[in-house]
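Listed below are the residues making up each chain.
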Amino acid sequence: MAEQSTFTEADRTDGVEPDMVDQNAAPASEAIGSGVQPMNMIQALNSAIDVKMAEDPDVLSFGEDAGYFGGVFRVTDKLQQKHGLTRSFDAPISECGIVAAAIGMGAYGLRPVVEIQFADYIYPAYDQIVSEAAKMRYRSGGQFTSPITIRSPYGGGIFGGQTHSQSPESLFTHIAGLKVVIPSNPYDAKGLLTAAIEDDDPVVFFEPKRLYNGPFDGWHEKPVSPWKAQDLAQVPTGKYVEPIGKARVMREGADVTILAYGTMVWVALAGAEHAGVDAEVIDLRTLVPLDIETIEASVKKTGRCVIVHEAPKTSGFGGELSALVQERCFYSLEAPIARVTGWDTPYPHAFEWEYFPGPQRVADALKSVVTGQATGMGR
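Remember, predicted model here, so these are calculated numbers, not experimental data.

Here the focus is the pattern of salt bridges. What the rule picks out here adds up to 22 salt bridges. Residues Arg137 and Asp201 are paired through a salt bridge, measuring 3.0 Å at the closest nitrogen-oxygen approach. Remark: Asp201 occurs in the loop between helix H8 (186–198) and strand E7 (203–208) and Arg137 occurs in helix H6 (residues 136–139); sequence separation between them is 64 residues. Classification of Asp201 by relative accessible area gives buried; the value is 19%. Each of Lys52, Glu55, Glu198 and Lys239 takes part in one network of salt bridges that share partners.

In structure tokens, the structure reads:
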């Protein structure tokens, strides 16, 4: 089939809701060349896919509305126009089918980057991810791999309600054979997505959609600052790779260690400032493989640990982090480990900010851990 682009710019933008995407922030990636320019997370992710598609003809991108439309959040915007209909295309509304097709493509040597429109919709694909993609290398004795990247916006803070705000990352960290990556800023988003695309094993790449257009510190009543004001939004236009499995120390401190990822990294920074506590904030960036060495060194230095994530508390990834810290740092701990999390309920629409683990709850947990005065440990 001859490659063609018959749609117009008006067609591409038809039906976009204003609260779904910043209309003034169209991706401006470059597949060739070098330099640095400010990017929001949408632009950085788009640039990563664009650069890899230009470099490697085996890389392709598809998903529901991810070709013609450019994705509901525009992360795949203009990729079809630049790389053609056979490498950037729309898929039927079947998450199971999308991932199954990607697994087959990967087994034959392609490197598909698929989009699950919202993380809440990833559950129909769970069997394919867990039973097939994660086990392909093992079951074939290394004869086949599954070099696929499964991208999906996750988390709340946009009034998406119970079916557009979930954080299902812990369901995938439990599965041997999967890597789970969650960036918190444009620089890491591009570098980590590039690494994920080049990885020979399946990577579940969750994108905190509340951060797409700016760093969000959890003070929802305040205006959102743009990414261009942040150093981590200065993104190289060419190819670069951030290593999977290495955390980033976002803020050095001596009194308590905060472990966070995604949107909660910025909430943790705001909470530490609000509490007036000298906290060391670690952005995990990758949940599997986990940079336990950086975590251990920090907790042994500070003697205290607070874990922050947006997912519900019960069986959330914070439970695993808490166990690891206790096992490795027991004799260094001067206070119980605290967890600040979402509640064990469906994500509410009307009570979004009561559910969202904001900076005040983080500050309360920090004060509790540092002073030794229990206040419910951030719950």
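Within the secondary structure, Asn40 sits in the loop between strand E1 (36–38) and helix H2 (41–55). Here Gln43 takes part through its backbone nitrogen, which lies 2.8 Å from a polar atom of the side chain of Asn40. Only 3.4 Å separates the side chain of Asn40 from the side chain of Asn213, close enough to count as a polar contact.

Quick look at the environment of Val130 now. Within the element layout of this structure, Val130 appears in helix H5 (residues 126–132). With relative accessibility at 13%, the residue Val130 sits in the buried group. When the C-alpha positions of Val130 and Gly177 are compared, they lie 8.5 Å apart, and in sequence the two are 47 residues distant. Not counting residues within four places of it along the chain, the set of residues in contact with Val130 comprises Lys135 and Ile175.

Cut-off values and rules
- Residues numbered from 1 in each chain as written.
- Predicted model: local features only at pLDDT ≥ 70, side-chain atom pairs only at ≥ 80, totals over all residues.
- Heavy atoms only, no water.
- Salt bridge = Lys/Arg side-chain N within 4 Å of Asp/Glu carboxyl O.
- Helix = DSSP H or I, 4+ residues; strand = E, 2+ residues; numbered from the N terminus.
- Buried < 20%, exposed > 50% of the residue type's maximum accessible area, 1.4 Å probe, protein only.
- Polar contact = N/O pair within 3.5 Å; in protein donor to acceptor, adjacent residues only side chain to side chain.
- Contact = heavy atoms within 4.5 Å.

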